[in-house]
Amino acid sequence: MSRINYYEVLGVSREASDEDIKKAYRKLAFEHHPDRNPHRKDADERIREINIAYEIVGDPEKRNTYDRLSWGAEPRTETIDPGVILDEMERKLFDEGRKELFAVLMRDVKRVKAELVTIRVQVVAEQGYDSFLEHMVAARASAIVGDFVTDEMDRRKQRLVEVAVEMMVSQGVTKRGDEAGIRTLRNRLETAFRSGRVHGIASALELFYERR
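Residues numbered from 1 in each chain as written. Predicted model: local features only at pLDDT ≥ 70, side-chain atom pairs only at ≥ 80, totals over all residues. Heavy atoms only, no water.

Q: So what's going on with the overall build of the protein chain? Which residues, and what values?
A: Within the protein chain, the regular secondary structure consists of nine helices and zero strands. Secondary structure elements of the protein chain, listed N to C terminal, follow the sequence α-α-α-α-α-α-α-α-α. Over its C-alpha atoms the protein chain spans a radius of gyration of 22 Å, topping by over 25% the 17 Å that the globule rule assigns to 212 residues. Counting across all 212 residues of the protein chain, residues that qualify as buried make up 41%. When the accessible area of the protein chain is evaluated, it comes to approximately 12,000 Å², of which 49% is carbon and sulfur surface. (Helix = DSSP H or I, 4+ residues; strand = E, 2+ residues; numbered from the N terminus. Rg over C-alpha atoms; globule rule 2.2 N^0.38 Å. Buried < 20%, exposed > 50% of the residue type's maximum accessible area, 1.4 Å probe, protein only. Areas by Shrake-Rupley, 256 points an atom, 1.4 Å probe, with all protein chains shown as cover.)

Structure, rendered in structure tokens:
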């Protein structure tokens with residue numbers, strides 16, 4: 001199973017302008033519409049593929065997300081295990097979440113230091129002396145992640161996840177129309193992003209930790 005390149009589907013380069021993409025889509029949609037190709041068995045599938053490609057790269061925000069979530073400068077053409085594709089996407093979304101929350105905490109050092117005080121008290125209460133316990137830092141990070149996530153950040157996350165889901169469906173990770181499969185896929189990707197956010201907070205806390 002080779003990866004689908006939405007630019008190739010539309011017959012444009014990755015450097016194509018939004019207007020060029022729109023023109024290419026209109027031309028292809030006209031040429032391949034099932035009503036104009038009643039004898040082609042693959043007409044419905046072909047127009048669906050064209051529509052999906054345009055839905056992603058024809059929207060500037062989704063296009064930026066697609067480019068960011070793509071792997072490498074050029075899509076791979078060899079056969080790839082769908083499980084490997086999903087693992088890569090989960091790592092990519094994890095990293096997006098990690099960088100997002102790490103950047104937020106770096107702008108709020110006062111809060112970071114306050115959280116370290118809280119964690120230090122919990123650590124000393126548990127073991128009698130101060131040290132950096134990763135599991136306690138991770139637990140605290142998970143508990144406070146909601147304090148830093150704005151509505152705009154969640155909308156951005158949702159856009160990333162939706163584009164990622166569409167990419168995974170197109171790569172055959174789950175079948176189109178399999179609502180349960182797609183729901184499970186979306187949950188996995190959202191979990192990866194949230195785990196990245198938690199890790200971003202934990203990384204910021206570790207950066208400022210000073211043993212006493």
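Q: Break down the packing of helix α6 (residues 109–127) against helix α9 (residues 179–208) for me, with residues and values.
A: Two numbers describe how α6 lies on α9: the axes approach to 10 Å, and their chain directions differ by 85°. As the angle between them shows, α6 and α9 are arranged roughly perpendicular. Residues Val109, Val112, Lys113, Glu115, Leu116 and Ile119 of α6 form the contact with α9, whose own contacting residues are Ala204, Leu205 and Phe208. Of the residues assigned to the contact of α6 with α9, the class counts are seven nonpolar, no polar and two charged. (Axes fitted to C-alpha atoms, helices over the stretch in contact; angles between N-to-C directions. Parallel < 35°, antiparallel > 145°, perpendicular 65-115°, else oblique. Contact = heavy atoms within 4.5 Å. Nonpolar A, V, L, I, M, F, W, Y, C, P; charged D, E, K, R; others polar.)

Q: So, the confidence of the model for the protein chain: which residues are in play, and what are the values?
A: Any segment with low pLDDT has predicted coordinates that should not be analysed in fine detail. In this model, the protein chain carries an average pLDDT of 87, and 93% of its residues clear a pLDDT of 70 or more. Mean pLDDT values over the elements of the protein chain span from 85, in helix α4 (residues 60–69), up to 95, in α9. Between residues 71–78, whose pLDDT stays under 50, and residues either more than four places distant or in other chains, the model counts 14 contacts. (pLDDT = per-residue confidence, 0-100.)

Q: Which residues make up the packing of aromatic side chains, and what are the values?
A: Throughout the structure, instances matching the rule amount to four aromatic pairs. Consider the rings of Tyr6 and Tyr66, whose centres lie 4.9 Å apart with planes at 40°: the pair is tilted. Linking Tyr6 in helix α1 (residues 6–10) with Tyr66 in helix α4, this pair joins segments that are 60 residues apart in sequence. Take Tyr6: its relative accessible area is 2%, and that puts it in the buried class. Its relative accessible area of 5% is what places Tyr66 among the buried residues. (Phe/Tyr/Trp six-rings, centres within 6.5 Å; stacked < 30°, edge-to-face > 60°.)

Q: Could you give me a rundown of the side chain of Ser131, with the residues and numbers involved?
A: By the secondary structure assignment, Ser131 is in the loop between α6 and α7 (134–144). Of note is the side chain of Ser131, whose polar atom sits 2.5 Å from the side chain of Gln127. Among all residues touching Ser131, those that are not within four sequence positions of it are Val123 and Tyr209. (Polar contact = N/O pair within 3.5 Å; in protein donor to acceptor, adjacent residues only side chain to side chain.)

Q: Any details on the nonpolar core? Residues and values, ideally.
A: Within the largest apolar cluster, 35 residues are counted, with the highest numbers of intra-cluster contacts made by Leu10 and Leu189. Taken together, the elements giving at least two residues each to this core come down to α1, α2 (18–32), α3 (43–57), α4, α5 (82–106), α8 (151–170) and α9. Sorting elements by how many residues they give to this core places α8 first, with eight residues. Those residues within four positions of Leu10 in sequence are excluded, and the remaining contacts are Ile21, Ala24, Tyr25, Leu28, Ile50, Ala53, Tyr54 and Val57. In this structure, Met136, Val198, Ile201 and Tyr209 belong to the second largest nonpolar core, which totals 22 residues. (Core = buried A, V, L, I, M, F, W, Y, C linked by side-chain atoms within 4.5 Å.)

Q: Describe the packing of α6 against α7, and please don't skip the residues or the numbers.
A: For the pair α6 and α7, interaxial distance at closest approach is 10 Å and the crossing angle is 130°. With respect to each other, α6 and α7 are oriented oblique. For α6 against α7, the interelement crossing comes out right-handed. Contact residues: Arg111, Glu115, Thr118, Ile119, Gln122, Val123 and Glu126 in α6; His135, Met136, Val137, Arg140 and Ile144 in α7. (Left-handed = near helix turned anticlockwise from the far one by under 90°.)

Q: Let's hear about the pattern of salt bridges: which residues, and what values?
A: Here the structure, examined in full by the defined rule, presents 23 salt bridges. A salt bridge links Glu96 to Arg156; the shortest N-O distance between them is 2.6 Å. Of the two residues, Glu96 is situated in helix α5 and Arg156 in helix α8; the sequence distance between them amounts to 60 residues. Measuring nitrogen to oxygen at the nearest pair gives 2.7 Å for the salt bridge that ties Asp147 to Arg111. In this pair, Asp147 sits in the loop between α7 and α8 while Arg111 sits in helix α6, placing the two residues 36 residues apart along the sequence. On the basis of relative accessibility, which here comes to 51%, the residue Asp147 falls in the exposed class. Taken together, the shared-partner salt bridges connect Arg68, Glu96, Glu100, Asp154, Arg156 and Arg197 into one network. (Salt bridge = Lys/Arg side-chain N within 4 Å of Asp/Glu carboxyl O.)

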